[in-house]
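# Fold and contact review
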Amino acid sequence: MHENTEIRREAGNISYFNNKNVTAHVYSVRYIVVPAGINFFHITDHATGQVKGFRRRHIDACELARALESC
């Protein structure tokens, strides 16, 4: 099993708002970018966990995720 498999499975539980004093704005996003290896990123449907695409650069992965959001 690849070392990042657990990260992909738990991607929905990753929180960047750990500080209780910070007011977090919750945005509804459908596609998230998940690291899947060295210089490799999966664009994953947040609700189902299915991989919808992949890119080798993070910038390109984020761009694809934004493009999928607008469809």
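Residues numbered from 1 in each chain as written. Predicted model: local features only at pLDDT ≥ 70, side-chain atom pairs only at ≥ 80, totals over all residues. Heavy atoms only, no water.

### Digging into the environment of G49
What counts is decided by this rule: Here a helix means four or more residues in a row that DSSP labels H or I, a strand means two or more in a row labelled E, and each is numbered from the N terminus.
Its place among the elements puts G49 in the loop between β2 (40-45) and β3 (51-55). When the C-alpha positions of G49 and I32 are compared, they lie 9.5 Å apart, and in sequence the two are 17 residues distant.

### Quick notes on the environment of V29
As a reminder, the rule being used: To sort residues, take the accessible area from a 1.4 Å probe on protein chains only and compare it with the maximum for the residue type: under 20% means buried, over 50% means exposed, and anything in between is partly exposed. Here, residues are in contact when the closest pair of their heavy atoms is within 4.5 Å.
Here V29 lies in the loop between α1 (5-9) and β1 (31-37). Look at V29 and you get partly exposed, because its relative accessible area is 42%. Residues V29 and A65, spaced 36 residues apart in sequence, show a C-alpha to C-alpha distance of 9.5 Å. Excluding residues that lie within four positions of it along the chain, V29 makes contacts with H46 and E69.

### Some words on unusual backbone geometry
Even without being glycine, N39 reaches a positive phi, approximately 55°. Mapping N39 onto the fold places it in the loop between β1 and β2.

### Some points on the pattern of salt bridges
Our working definition: Salt bridge, as used here, is a side-chain nitrogen of Lys or Arg placed within 4 Å of a carboxyl oxygen of Asp or Glu.
Evaluated as defined, the whole model comprises 2 salt bridges. Note that D60 and R57 form a salt bridge whose closest N and O atoms lie 3.0 Å from each other.

### Notes on the pairing of β3
Consecutive side chains of a regular strand alternate in pointing toward one face of the sheet and then the other. Operational definition: Strand pairing is assigned whenever DSSP detects at least two bridges linking the two strands.
Sheet topology places β2 next to β3; 4 bridges connect them, and they run antiparallel. Of the residues in β3, the one forming a bridge with I43 is G53. Between the end of β2 and the start of β3, which pair antiparallel, lie 5 residues, with G49 showing a positive phi angle near 85°.

### Things to note about the side chain of T44
Mapped onto the elements, T44 comes out in strand β2. Here T44 falls in the buried class, since its relative accessible area comes to 8%. Ignoring sequence-local partners within four residues, the contact set of T44 consists of R30, Y31, I32, V34, G49, Q50 and V51.

### What to know about helix α2 (residues 58-70)
The cut-off we apply is this: Expected span of a helix, by definition, is 1.5 Å for each gap between consecutive residues, and there is one gap fewer than residues. Throughout, the arc means the angular range of directions from the helix axis out to the C-beta atoms.
Here α2 spans 19 Å end to end across 13 residues, near enough to the 18 Å set by a 1.5 Å rise per residue. Of all the residues in α2, the buried ones are A61, C62, L64 and A65. Projected down its long axis, α2 carries its buried residues within an arc of 160°, all on one side. More than 90 degrees from the buried face of α2, the exposed residues found are I59, E63, R66 and S70. Along its buried surface, α2 packs onto β1, β2 and β3.

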